[in-house]
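Observations on chain architecture
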Amino acid sequence: QFQKEAVSLFSTTSTSMPSTSSKNTPQFKNKAYLGIGSNLGNRHDHMITALSLLQNSTTTHTSITRTSHLHETKPMYVLDQPSFLNGVVEISTSLSPMELLNTLKQIEETCGRELKGGVRYGPRVIDLDILLYYSEQKEVSVKEHNLTIPHPLMTEREFVLSPLCDVHPLLKHPTTNATILDTLKALYESGVKKEAVRVLPLPRNRLLAFNQTLIMGILNVTPDSFSDGGQYYSKEEGNIKKAVEEALYMVNECDVDVIDVGGESTRPGSKEVAVEEEMKRVLPVIEEIRRVSDVPISIDTRHSDVAKAAIKAGADIINDVSGGTFDPQMLPTASSLSVPIILMHSRGTPETMSKLTNYNNVVEDVASELWDRVHDAENHGIYKWNIMLDAGIGFAKGYEENVSLLKHGNGKLRDLLQDASMLWGPSRKRFIGTIVEEEDAKERDFGTIGACLAVICGGGSTNDEMDGNKEWRRGVGCHMLRVHNVKAVKQAVMVMDAIHKAD
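Residues numbered from 1 in each chain as written. Predicted model: local features only at pLDDT ≥ 70, side-chain atom pairs only at ≥ 80, totals over all residues. Heavy atoms only, no water.

A separate point is the packing of aromatic side chains. On inspection of all chains with the given rule, the structure shows 3 aromatic pairs. For the pair Y33 and Y134, a centre-to-centre distance of 6.2 Å together with 85 degrees between the ring planes defines the contact as edge-to-face. Here the residue Y33 occupies a position in strand β1 (residues 30-38), and Y134 occupies one in strand β5 (residues 127-135), the gap between them amounting to 101 residues. For Y33, a relative accessible area of 0% gives the class buried. Stacked on the ring of F326, the Lys or Arg R302 has its end atom at 4.1 Å from the ring centre. (Phe/Tyr/Trp six-rings, centres within 6.5 Å; stacked < 30°, edge-to-face > 60°. Helix = DSSP H or I, 4+ residues; strand = E, 2+ residues; numbered from the N terminus. Buried < 20%, exposed > 50% of the residue type's maximum accessible area, 1.4 Å probe, protein only. Lys NZ or Arg CZ within 6 Å of the ring centre and 35° of its normal.)

The following block contains the structure:
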């Protein structure tokens, strides 16, 4: 049933695609799609500020209902300027088109943009454009001296079409009657190179670019993790030497993209660790890694207090194996910090999840339950571009469920999740040991490589309208892999990515 609903959602040609906004968010009769971009200073911070002004002002009468991923693009028209960060937001508003335009101009000016005397198509702190506008679900066209709707240049701009595809790929352009997806496809077929790269914004004006499969290295500072428990953990308070050395090895020798620091084992059957103890384990390690390296750091935790303290200590990403369900303050915390959060699929807790492995169809059920997590996150004000999903290999799943998810991860599951940014964590898991008959988790690295390559390859699309459109999967076969043996997997993935991108 969920698969049918997802395909129907993709196939709609109207603007009635279900919203992910909160039930408490005001809904107005008008809907608009806005382009948002920046190429000066801290681009992501400028975008967050602009959207906050748009949504929180008592006079704008506007709510944000959905957002795209963020895409980094080269400049058009005026080429001698920095790259842009671009996105699209869907809004619900009581404002007329001209009122909305005036509001957007006021926001641009408040954010520091020079509205008079600047270079046309030149650098800007913030850029807000009305792309499409609907009143009571009917298309609205405007042609005034300072406003034209639909935006007259949107069909030639990859930096508009690519993020708009994230929001509503089968929305039809009011003038051409072609879907946004088909319009983007036609743009590429006309000879325009595919240059927009999906990115994950990080604190301190940094990005992770998904133009290749990224590798997250596991650094457990625990005494009892299933594979490396005790290896980088010391009972001596302040003794973090081994953990930091391993982190620097992953950075300097393995070219790791993200280091995932965890202070609580979540292996099946493990018990909860007190927040104070978890902080003692992870915070000194994060602080020292940040002191000596700028490598992106994620904090692997179910506790919002740990997440908040870790971000303050220098971490960049929250990685929550409960998908934000364990601690009711986790999603509000991630929202207030404006940092990315990885929402993993699981059921129950590590103590109970082994008994919660019944599924009607594991791929559809996991997708449906992850959608619930996405909706909850968005209802708490977390934008789509700050959300990654994890299918939760080994969490509340048996052997058959794990291999089925890996088989369909880059096909059916990715379709059902509307090409969400995905993290996969099959490293050294028990199902690999079952296949290769290896009890020692540390000896499962070769099998781990096989699992990682399988999810990059994945299966074909299950949606006839999307099948054959390479632009729907506008990037690598897998966004990020969480692994123990970084060097081995990194080499394998680099080769696989090169093959995957070949003509």
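After that view, the rundown keeps rolling.
Within a regular strand, the side chains alternate between the two sheet faces. Most of strand β12 (residues 258-262) is tucked away, with 5 of its 5 residues classed as buried. Alternating residues of β12 divide into V258, D260 and G262 and I259 and V261, and every residue in both groups is buried. Across 5 bridges, strand β11 (residues 214-220) lies against β12 in parallel orientation. Opposite I218, over in β12, you have D260 as the bridge partner. In this sheet, strand β13 (residues 297-300) lies alongside β12 in parallel orientation, the contact comprising 4 bridges. Bridging from a neighbouring strand, I259 pairs with I297 of β13. Crossover handedness for the path β12 to helix α7 (residues 275-292) to β13: right-handed. (Pairing = 2+ DSSP bridges. Right-handed = clockwise from strand over helix to strand, strands pointing away.)

For soluble globular proteins, nonpolar side chains are generally found buried alongside one another. Counting residues in hydrophobic clusters, the biggest one holds 75 residues, and the most contacted among them are V261, W424 and L481. Residue contributions to this core peak at 8 residues, all from helix α10 (residues 362-379). Beyond its immediate chain neighbours, meaning those up to four positions away, V261 contacts L219, V221, V282, V285, I286, I289, I297, S298, I299 and D300. Within the second largest apolar cluster, 29 residues are counted, among which are L51, I130, Y133 and I149. (Core = buried A, V, L, I, M, F, W, Y, C linked by side-chain atoms within 4.5 Å. Contact = heavy atoms within 4.5 Å.)

Taken residue by residue, helix α8 (residues 304-313) has S304, V306, A307, A310, I311 and A313 as its buried positions. In the core, the buried residues of α8 are packed alongside α7, β13, β14 (317-320) and α9 (330-337). Immediately downstream of α8, the backbone of G314 shows phi near 130 degrees, a positive value.

Another aspect to go through is the pattern of salt bridges. Inspection of every chain in the model, using the stated rule, returns 26 salt bridges. The partner of D127 in a salt bridge is R113, with the nearest N and O atoms 2.9 Å apart. With a gap of 14 residues between them, D127 in strand β5 and R113 in the loop between α3 (97-110) and β5 connect regions that are remote in the sequence. On the basis of relative accessibility, which here comes to 17%, the residue R113 falls in the buried class. As a salt-bridge pair, K490 and D257 come within 3.1 Å of each other at their nearest N and O atoms. Taken together, the residues span a long stretch of sequence, with K490 in helix α15 (residues 486-501) and D257 in the loop between α6 (241-252) and β12 at a distance of 233 residues. Salt bridges linked by common partners bring K105, E108, R113, R124 and D127 together as one network. (Salt bridge = Lys/Arg side-chain N within 4 Å of Asp/Glu carboxyl O.)

This next bit is on the side chain of E278. In this structure, E278 sits in helix α7. For the buried E278, no salt bridge exists, and the shortest N-O distance to an oppositely charged side chain is 6.9 Å, to R302. Here E278 is in contact with G263, E264, V273, D300, T301, H303 and V306, once residues within four sequence places are set aside. (Lys, Arg positive; Asp, Glu negative; His and termini not counted.)

We now examine the packing of helix α14 (residues 445-457) against α15. One way to put it is that α14 packs onto α15 with a least axis distance of 10 Å and a crossing angle of 25 degrees. Between α14 and α15, the angle is such that the two are roughly parallel. Between α14 and α15 lies a crossing of right-handed hand. On α15, the residues that touch T448, I449, C452, L453, I456 and C457 of α14 are A488, V489, A492, V493, M496, D497 and H500. Per-class residue counts for the contact of α14 with α15 are 10 nonpolar, 2 polar and 1 charged. (Axes fitted to C-alpha atoms, helices over the stretch in contact; angles between N-to-C directions. Parallel < 35°, antiparallel > 145°, perpendicular 65-115°, else oblique. Left-handed = near helix turned anticlockwise from the far one by under 90°. Nonpolar A, V, L, I, M, F, W, Y, C, P; charged D, E, K, R; others polar.)

Here we take up unusual backbone geometry. A cis geometry characterises the amide bond from I149 onward to P150, with omega recorded as 0 degrees. Considering the arrangement of structural elements, one finds P150 in the loop between β8 (147-149) and α4 (158-167). Even without glycine at this site, Q418 takes up a positive phi of about 55 degrees. Take Q418: its relative accessible area is 11%, and that puts it in the buried class. Residue D419 is not a glycine yet carries a positive backbone phi of 55 degrees. Inspection of the secondary structure puts D419 in the loop between α12 (412-416) and β17 (422-424).

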